[in-house]
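Close look at the chain arrangement
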Amino acid sequence: WLSKVLLWWKDPRELLLDYANFERTLKQYLGISCITKNRFYDVVKLVHPHLKDILDEMCNEEKERMKELPDEELGGWKRAVVTSDGVWQTRGHFNENGSFVIKNYMTGGLLWYGHKCMRGNDDIVEEELYEGTSKSMEGVLSDECYEQAKTEGCCVEVVWQDGDSSAANSIKHHHPNGKVYKCGG
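First, a word on what this report is: a plain description of the structure on this page. Here the residue numbers are simple positions, counted from 1 along each chain's written sequence. Since the coordinates come from a predicted model, pLDDT governs what is reported: local features require at least 70, and pairs of side-chain atoms require 80 or more to be given and counted, while whole-chain, interface and lining totals use all residues. Values shown for side chains rest on all heavy atoms present in the structure; no hydrogens or waters enter the calculation.

Regarding the sheet that holds strand S4 (residues 156-161)
The pairing of strands in a sheet happens through backbone hydrogen bonds and is either parallel or antiparallel. The line we're drawing: By the convention used here, strands pair only if DSSP detects at least 2 bridges between them. Counting from the N terminus, the helices are DSSP H or I runs at least four residues long and the strands are E runs at least two residues long. Angles shown run from 0 to 180 degrees and are taken between the N-to-C directions of axes, each axis being a line fitted to C-alpha atoms and, for helices, limited to the stretch in contact. Whether two residues touch is decided by their heavy atoms; if any such pair falls within 4.5 Å, the residues are in contact.
Read from one edge to the other, the open sheet built from 5 strands follows the order S3-S2-S1-S4-S5, with strand pairing classed as mixed. Either end of the sheet is taken by a strand with one partner, and the two such strands are strand S3 (110-117) and strand S5 (179-182). Taking the axes of each pair of neighbouring strands and ignoring which way they run, one obtains an average angle of 20 degrees across the sheet. Pairing of strand S2 (residues 97-104) with S3 involves 7 bridges; the strand directions are antiparallel. Residue pairing across strands places glycine 98 opposite lysine 116, the latter belonging to S3. Across the sheet, helix H5 (residues 167-174) is in contact with strand S1 (80-88), S2, S4 and S5; its angle to S4 comes to roughly 180 degrees.

This is the structure we're talking about:
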């Protein structure tokens, strides 16, 4: 039944959006009763490693495309032009789930990503719960992602980001020659 679910969605990552979509899909499209969230967590636990593999493959393909460009070409691996931002499951200072992504600005391809969760007692992801605030989450995740970019040998030259992003400090720390431009609208 899992393959039916994944084939039904155009983007299988939609499976993790929320319990309500999950329940509707199981009931309406697969005829499986979903009375509690236990089945939801079972499916998320089953699908999580596969979705992570899909995201990692997307990142690796985009990195390889950048590495194929000449070192002196803007947008290549040694002169990367990226955009980055943090996102939360719901808006507000009380949010307990946050993600951060770095994308290739020239193509829109995903390069690096990270996620933090502040609460939960499931065993889906074997990572420690984040003990900071939701406000600090973007800065911590941006630091991890831009450090990973540096570790992998990428030289970030230009970053486009929104005005409230705390990623600028991470860029200055890990890519001191990188220039940060703020986009609007």
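Some details on the nonpolar core
The line we're drawing: Nonpolar cores are built from buried Ala, Val, Leu, Ile, Met, Phe, Trp, Tyr and Cys residues. Side-chain atoms within 4.5 Å join them into one set. Three labels apply to residues, based on accessible area from a 1.4 Å probe with only protein chains included: buried if under 20% of the type maximum, exposed if over 50%, partly exposed otherwise in between.
Val82, Phe100, Ile102, Trp112, Tyr146 and Cys154 are the most contacted members of the largest nonpolar core, which totals 19 residues. Elements supplying a minimum of two residues to this core: S1, S2, S3, helix H4 (134-151), S4 and H5. Per-element tally for this core: the top contributor is H4, with 5 residues. Here valine 82 is in contact with Ile102, Lys103, Tyr105, Leu111, Tyr146, Val156, Val158, Val159 and Trp160, once residues within four sequence places are set aside.

Describing H5
To be explicit about the condition: Note that the arc is computed from the directions linking the helix axis to the C-beta atoms.
Among the residues of H5, Ala167, Ala168, Ser170, Ile171 and His174 are the ones counted as buried. Looking straight down H5, one finds its buried side chains confined to an arc of 160 degrees; they lie on one side. Exposed residues pointing more than 90 degrees away from the buried face of H5 are listed as Asn169, Lys172 and His173. Structurally, H5 contributes buried residues whose contacts are with S1, S2, H4, S4 and S5.

Notes on the packing of aromatic side chains
Centre-to-centre distance and the angle between the planes together describe a pair of aromatic rings. Where we set the bar: Aromatic contacts are taken between Phe, Tyr and Trp rings whose centres are within 6.5 Å, Trp giving its six-membered ring; a plane angle under 30 degrees counts as stacked, one over 60 as edge-to-face, and the others as tilted. Working rule: Lys NZ or Arg CZ, within 6 Å of ring centre, within 35 degrees of ring normal, means a charge sits over the ring.
For the coordinates displayed, the defined rule picks out 4 aromatic pairs. Pairing tyrosine 105 with tryptophan 160 gives two aromatic rings, centres 5.8 Å apart and planes at 25 degrees, and the pair type is stacked. Taken as a pair, tyrosine 105 in the loop between S2 and S3 and tryptophan 160 in strand S4 lie far apart in primary sequence, 55 residues in all. Classification of tyrosine 105 as partly exposed rests on a relative accessible area of 44%. A connected cluster of aromatic rings, assembled from ring pairs, spans Tyr105, Trp160 and Tyr181. Directly above the aromatic system of tryptophan 77 lies the positively charged group of lysine 67, at a separation of 4.7 Å from the ring centroid.

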